[in-house]
Amino acid sequence: MNSSAAPILVIGRQGQLALSLASLRRPDVVCMGRPECDLADPAKLADLVARVSPRLVLNAGGFTKVDQAESQAEEAYALNRDGPAALARICASAGIPLIHVSTDCVFDGRKPAPYTPEEIPSPLSVYGRSKLEGEEAVAIHCRQHLVVRVSWVFSEHADNFVRTMLKLARQRETISVVSDQTGYPTYCPDLAAGLLAMAEQVLAPGFDAWGTYHLAGREEIDRASMAEAIFSESRALGGPSAQIVPILTRDYPTPAERPLNARLDSAKAFDTFGLRLQDWRIGLQKSVRVLVAEMS
């Protein structure tokens, strides 16, 4: 790797994906967040891109609090739609490819099979709608783009389902977890490495496979069973665990409605870029080990 080459600029610094990208310790990957970079401030975005002069931009930022988006819609749209639109225009004018990360929440989850990138989205929540409009803006304003939808991402970094379950297990003997939401768990550092592999191919001469892709794990599981897997790993390390009480989503109302089926079919990304993500349970072991050590 030639560290003197123009960098890959990651928009985001404190989120789970940005922290996972930083954990790969590639000298050519620069993660920038507030205050130097703000998706709600197009002028700052333009100044940053001009100053860094990256060879590619990877947008890992945005408003990610699904339930809070219902009451903070203005901020959600500013960060998930308007910011990516501005970033896409900036990248297009500079001739810089843009990889924009999106979510399974653009779908309603009513399809019985995994979703392909070609499926027509139908989001259920403000968060999902804001992310979908961000995807559409990126596609409109920057021809050289990839939209990469991800789902059920976890790691030892930032807030995610694994950290939440372990925190709750320190406070409660039993935890109710929905058993009718299914997805493909994805270890975030593996996702980060996959995105960088996509970036390298995007930058190769003659690349023209622009468009929308899915990048997620391959093993289907429900949320309650995933929680059981988390506590099994934690118990083996002497960490916190709790009894799981499986419940239905309809019996656990939240401000934002979630898709019951969050499974994303990654065949297009695997075939186009030659990617494979390792078994998510390997990442789960590492995540739980780090988080249990943090809690001790």
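For the structure itself, look to the data block above.
**Q** Give me the lowdown on the overall build of the protein, citing residues and values where you can.
**A** Across its full length, the protein carries nine helices and 12 strands. For the protein, the C-alpha radius of gyration of 19 Å lies close to 19 Å, the compact-globule estimate for 296 residues. Dimensions of the protein along its principal axes, counting C-alpha atoms only, are 55 × 40 × 40 Å. Looking at the protein as a whole, 55% of its 296 residues are labelled buried. Contacts spanning at least 24 positions in sequence make up 81% of the contacts within the protein whose residues lie at least 6 apart.

**Q** Got a sec to walk through the nonpolar core? Specific residues and values, please.
**A** Ranked by internal contacts, the top residues of the largest apolar core, which has 33 residues, are Leu17, Leu58, Leu146, Leu195, Met198 and Leu215. Taken together, the elements giving at least two residues each to this core come down to strand S1 (8–11), helix H1 (16–23), strand S2 (29–32), strand S3 (56–59), strand S4 (98–103), strand S5 (145–150), helix H6 (188–202) and helix H8 (267–273). With eight residues, H6 is the single largest residue contributor to this core. Dropping the residues within four chain positions of it, Leu215 is found in contact with Val148, Arg149, Val150, Leu191, Gly194, Leu195, Met198, Ser266, Ala269, Phe270, Leu275 and Leu277. Listed in part, the 30 residues of the second largest apolar core include Val57, Tyr77, Ala86 and Cys105.

**Q** I'd like to hear about the packing of aromatic side chains, residue by residue, with values.
**A** Summed over the entire model, instances satisfying the criterion amount to six aromatic pairs. An aromatic cluster of three or more residues is present, and its members are Phe207, Trp210, Tyr213 and Phe273. In this structure, Lys111 packs its charged tip against the face of Tyr115, placed 5.6 Å from the ring centre.

**Q** Mind laying out the pattern of salt bridges, listing which residues take part and the relevant values?
**A** Under the defined criterion, the tally for this structure stands at 18 salt bridges. For Arg163, the salt bridge is made with Glu294, and the minimal N-O distance between the two is 3.3 Å. Of this pair, Arg163 sits in helix H5 (residues 161–171) while Glu294 is found in helix H9 (residues 280–295), placing the two residues 131 residues apart along the sequence. What you see here is one network of salt bridges that share partners, running through Arg26, Asp28, Arg55 and Glu200.

**Q** Tell me about helix H3 (residues 73–94), residues and numbers included.
**A** If you check H3, its first and last C-alpha atoms are 31 Å apart, about what 22 residues at 1.5 Å a residue would give, namely 32 Å. By the largest-angle criterion, Asp82 marks the main kink of H3, which is about 30°, and a proline, Pro84, follows within four residues. Listing the buried residues of H3 in full gives Ala76, Tyr77, Leu79, Asn80, Gly83, Pro84, Ala85, Ala86, Leu87, Ala88, Ile90 and Cys91. Tucked inside the fold, the buried residues of H3 contact S1, helix H2 (42–52), S3, S4 and helix H4 (126–141).

**Q** Give me the packing of H3 against H4: which residues, what numbers.
**A** Close contact between H3 and H4 brings their axes to 8 Å; oriented N to C, the two are set at 15°. What the angle tells us is that H3 and H4 run roughly parallel. For the pair H3 and H4, the crossing hand works out as right-handed. Together, Ala73, Ala76, Tyr77, Asn80, Arg81, Pro84, Ala85, Ala88, Arg89 and Ala92 of H3 and Val126, Tyr127, Arg129, Ser130, Lys131, Glu133, Gly134, Ala137, Val138 and His141 of H4 make up the contact between the two elements. The class makeup of the residues in the contact of H3 with H4 is 11 nonpolar, four polar and five charged.

Conventions used here
Throughout, a residue's number is its position along its own chain's written sequence, starting from 1. Owing to the predicted nature of the model, reporting of local features is limited to residues with pLDDT of at least 70; listing and counting of side-chain atom pairs is limited to 80 or more, with chain, interface and lining totals taken over all residues. Excluded from the side-chain calculations are hydrogens and water; all other atoms, namely the structure's heavy atoms, are used. Going along the chain from the N terminus, every DSSP run of H or I of four or more residues is numbered as a helix, and every run of E of two or more is numbered as a strand. Our radius of gyration is a C-alpha quantity, and the globule rule it is checked against amounts to 2.2 Å times the number of residues to the power 0.38. Under the scheme applied here, a residue whose accessible area is under 20% of the maximum for its type counts as buried, over 50% as exposed, and between as partly exposed, the area being computed with a 1.4 Å probe on protein chains only. Pairs of residues are marked as contacts when any of their non-hydrogen atoms sit within 4.5 Å. Each nonpolar core is a collection of buried residues, namely Ala, Val, Leu, Ile, Met, Phe, Trp, Tyr and Cys, held together in the definition by side-chain atoms within 4.5 Å. Two rings belonging to Phe, Tyr or Trp (six-membered ring only in the last case) form a pair when the distance between their centres is within 6.5 Å. Interplanar angles under 30 degrees mark stacking, angles over 60 mark edge-to-face geometry, and anything in between is tilted. Each ring is checked for a lysine NZ or an arginine CZ that lies within 6 Å of its centre and within 35 degrees of its normal; such an atom marks a charge sitting over the ring. We define a salt bridge as a contact between a side-chain nitrogen of Lys or Arg and a carboxyl oxygen of Asp or Glu at a distance within 4 Å. What a helix is expected to span follows from its residue count: subtract one and scale by 1.5 Å. Bend at a residue means the angle formed by two fitted axes: the first through the 7 residues ending at that position, the second through the 7 residues beginning there. The angle between two axes is taken between their N-to-C directions and runs from 0 to 180 degrees, where each axis is a line fitted to C-alpha atoms and a helix contributes only its stretch in contact. For this classification, under 35 degrees means roughly parallel, over 145 means roughly antiparallel, 65 to 115 means roughly perpendicular, and everything else is oblique. Two helices that cross are described as forming a left-handed crossing if the nearer one is turned anticlockwise from the farther one by less than a right angle, and a right-handed crossing if clockwise. For this classification, the nonpolar set comprises Ala, Val, Leu, Ile, Met, Phe, Trp, Tyr, Cys and Pro, the charged set comprises Asp, Glu, Lys and Arg, and every other residue, Gly included, is treated as polar.

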